[in-house]
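In case you want the letters, here they are:
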Amino acid sequence: MNDISVFPVRAFQDNYIWVLRRGGDAAVVDPGDAQPVLDYLRAEGLRLGAILNTHHHADHVGGNAGLLRHYRVPVYGPYDDRIPTVSQRLREGDRFSLAEFGIEFSVFEIPGHTRSHIAFYGAGMLFCGDTLFACGCGRLFEGTPRQMHVSLAKLAALPDATQVYCGHEYTVANLRFAKAVEPANPEIAIWEREANAQRAKNEPTLPSTIAREKRANPFLRCDQPGVIEAAGRHAGKPLKDPVSVLGVIRDWKNNF
Ligand code: ZN
Ligand code: FE
């Protein structure tokens, strides 16, 4: 696509802080912790040019202040007072450029996990925080099944080849759940073998793609007969619309 690469800096148990790099320039998505990012930038001889935040949770923004002490950079994020370090507030449809990377990002509002959650889409890459996970979705801390359904549908409408960079390494557990929902879905079995092999080598399972998410992720498949039927069995009553299917499988996953 171009000469931009994306490197996963690990933080906490299973967070990924995504570092975009091109030449000596770097930008960072969801730095929950400053130190591992500072270490990486120094080791690689990179200068930080921007911070992007998808939502206010500490494991995604906790490193902003520490990075800002070393680098005077813009912080792109949602309209939400709970992230006081954001300097460029963004809403649905906004666009902004990272000149060093030749990228223009578009912003999507994707409430569900939190009420002000946003995603960044540009250069064929999607940074979607804790809303869309590889073969899963985030918990509904501040949103409804309807909001999550609309948000996921927005992301599912992106081109098939879109690279999906989410905030956590949850893929193996998500695939195990997806298999319980749709045991006969061949894409889930193929992906599970791949993901298990990657984790055995301690490699990330990300990015995934929108095409793969549409084939395997039950939360993007709430209109598919197999998912509707499995959710109905779990709920003990027939379900008619995708929003109630999503609500049921989200609860099911919470207790899985
Ligand atoms: Zn979160
Ligand atoms: Fe998170």
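See above for the structure.
On a predicted model such as this, the values are computed, not experimentally measured, just so you know. (Residues numbered from 1 in each chain as written. Chains lettered and ligands numbered in written order. Predicted model: local features only at pLDDT ≥ 70, side-chain atom pairs only at ≥ 80, totals over all residues. Heavy atoms only, no water.)

(A) Local environment of helix α6 (residues 186-200). The terminal C-alpha atoms of α6, which comprises 15 residues, lie 22 Å apart, in line with the 21 Å expected from a rise of 1.5 Å per residue. When we look at burial in α6, the residues that qualify are E187, I188, W191, E192 and A195. In a view along the axis of α6, the buried residues occupy a sector of 125 degrees, so they form one face of it. Structural note: α6 exposes P186, R193 and A200 on the side pointing more than 90 degrees away from its buried face. In this structure, the buried side of α6 is in contact with α5 (171-181), β14 (208-209) and α7 (210-216). (Helix = DSSP H or I, 4+ residues; strand = E, 2+ residues; numbered from the N terminus. Expected span 1.5 Å × (residues − 1). Buried < 20%, exposed > 50% of the residue type's maximum accessible area, 1.4 Å probe, protein only. Arc of directions from axis to C-beta. Contact = heavy atoms within 4.5 Å.)

(B) Region of interest: the pairing of strand β8 (residues 103-109). Within β8, five of the seven residues are buried, which leaves the element mostly enclosed by the surrounding structure. Where strand β7 (residues 95-98) and β8 come together, four bridges link them in antiparallel fashion. Residue pairing for β8: S97 is matched across the bridge by E104. (Pairing = 2+ DSSP bridges.)

(C) Here's a closer look at empty space enclosed by the protein. Under the definition given, this model contains one cavity of 30 Å³ or more. Size it by volume and the largest cavity reaches roughly 40 Å³. Split by residue class, the lining of the largest cavity holds seven nonpolar, three polar and one charged. (1 Å grid on protein atoms, 1.4 Å probe; cavity = no way out; pocket = protein on both sides within 12 Å on 5 of 7 lines; lining within 4 Å. Points joined across faces, edges and corners; volume = space filled by probe spheres on them. Nonpolar A, V, L, I, M, F, W, Y, C, P; charged D, E, K, R; others polar.)

(D) Representation of the coordination of the zinc ion (ligand 1) within the structure. Taken together, H55 (NE2), H57 (ND1), H113 (NE2) and D130 (OD) make up the protein donors of the zinc ion (ligand 1), found 2.2 to 2.3 Å from the metal. Taken together, the four donor atoms coordinating the zinc ion (ligand 1) and their angles of 87 to 170 degrees define a geometry best described as irregular. Mapping the donors of the zinc ion (ligand 1) onto the primary sequence gives the spacing H-x1-H-x55-H-x16-D. In this structure, the zinc ion (ligand 1) lies 3.2 Å away from the iron ion (ligand 2), the two metals sharing D130 as a donor. Of this pair, H57 sits in the loop between β4 (47-52) and α2 (58-61) while D130 is found in the loop between β10 (125-127) and β11 (132-133), placing the two residues 73 residues apart along the sequence. Of the two residues, H57 and D130, both sit in the buried class. (Donors = N, O, S within 2.8 Å, 3.2 Å for Na, K, Ca; no water. Tetrahedral: all angles 85-135°; square planar, octahedral: opposite > 155°, others 65-115°.)

(E) Seen up close, the coordination of the iron ion (ligand 2). Of the protein atoms, only D59 (OD), H60 (NE2), D130 (OD) and H168 (NE2) coordinate the iron ion (ligand 2), at distances of 2.1 to 2.3 Å. What the four donor atoms of the iron ion (ligand 2) show is an angle range of 85 to 169 degrees at the metal, which sorts the shape as irregular. Linear spacing of the donor residues for the iron ion (ligand 2) on their chain is D-H-x69-D-x37-H.

(F) Here's a closer look at the sheet that holds β10. Spatially, β7-β8-β9-β10-β13-β14 is the arrangement adopted by the six strands of the open sheet, whose pairing is mixed. Looking along the sheet, the strands with just one partner apiece sit at the ends: β7 and β14. Against the sheet, helix α4 (residues 145-156) makes contact with β8, β9 (118-122) and β10, and its axis sits at roughly 155 degrees relative to β8, the strand it touches most. (Axes fitted to C-alpha atoms, helices over the stretch in contact; angles between N-to-C directions.)

(G) The nonpolar core, seen in detail. Of all hydrophobic cores here, the largest spans 62 residues; its most connected members are L20, F120, L126 and F127. Discounting residues that sit within four places of it in the chain, F120 has contacts with L52, N53, T54, Y76, L90, F96, F105, S106, V107, M125, L126 and F127. Residues V37, Y40, L41 and L48 belong to the second largest nonpolar core, which totals 21 residues. (Core = buried A, V, L, I, M, F, W, Y, C linked by side-chain atoms within 4.5 Å.)

(H) Just the side chain of T171, in detail. Mapped onto the elements of the fold, T171 is located in helix α5. Not counting chain neighbours up to four residues away, the residues in contact with T171 comprise A134, W191, A195, T205 and L206.

(I) Layout of the packing of aromatic side chains. Taken as a whole and judged by the stated rule, the model has 14 aromatic pairs. Between the aromatic rings of F105 and F120, the centroid separation amounts to 6.3 Å while the plane-to-plane angle is 70 degrees, which identifies the pairing as edge-to-face. Here F105 is found in strand β8, whereas its partner F120 is found in strand β9, with 15 residues between them in sequence. Ring centres of F127 and Y165 lie 5.0 Å apart, and the angle between their planes is 20 degrees; this geometry places the pair in the stacked category. Placement of F127 in strand β10 and of Y165 in strand β13 (residues 163-165) is noted, with a sequence separation of 38 residues between them. By relative accessible area, which is 9% here, Y165 ends up buried. Feature note: the residues Y16, W18, Y76, F96, F105, F120, F127 and Y165 constitute an aromatic cluster, connected by ring pairs. Directly above the ring of Y79 sits R91, whose terminal nitrogen or CZ lies 4.2 Å from the centroid. (Phe/Tyr/Trp six-rings, centres within 6.5 Å; stacked < 30°, edge-to-face > 60°. Lys NZ or Arg CZ within 6 Å of the ring centre and 35° of its normal.)

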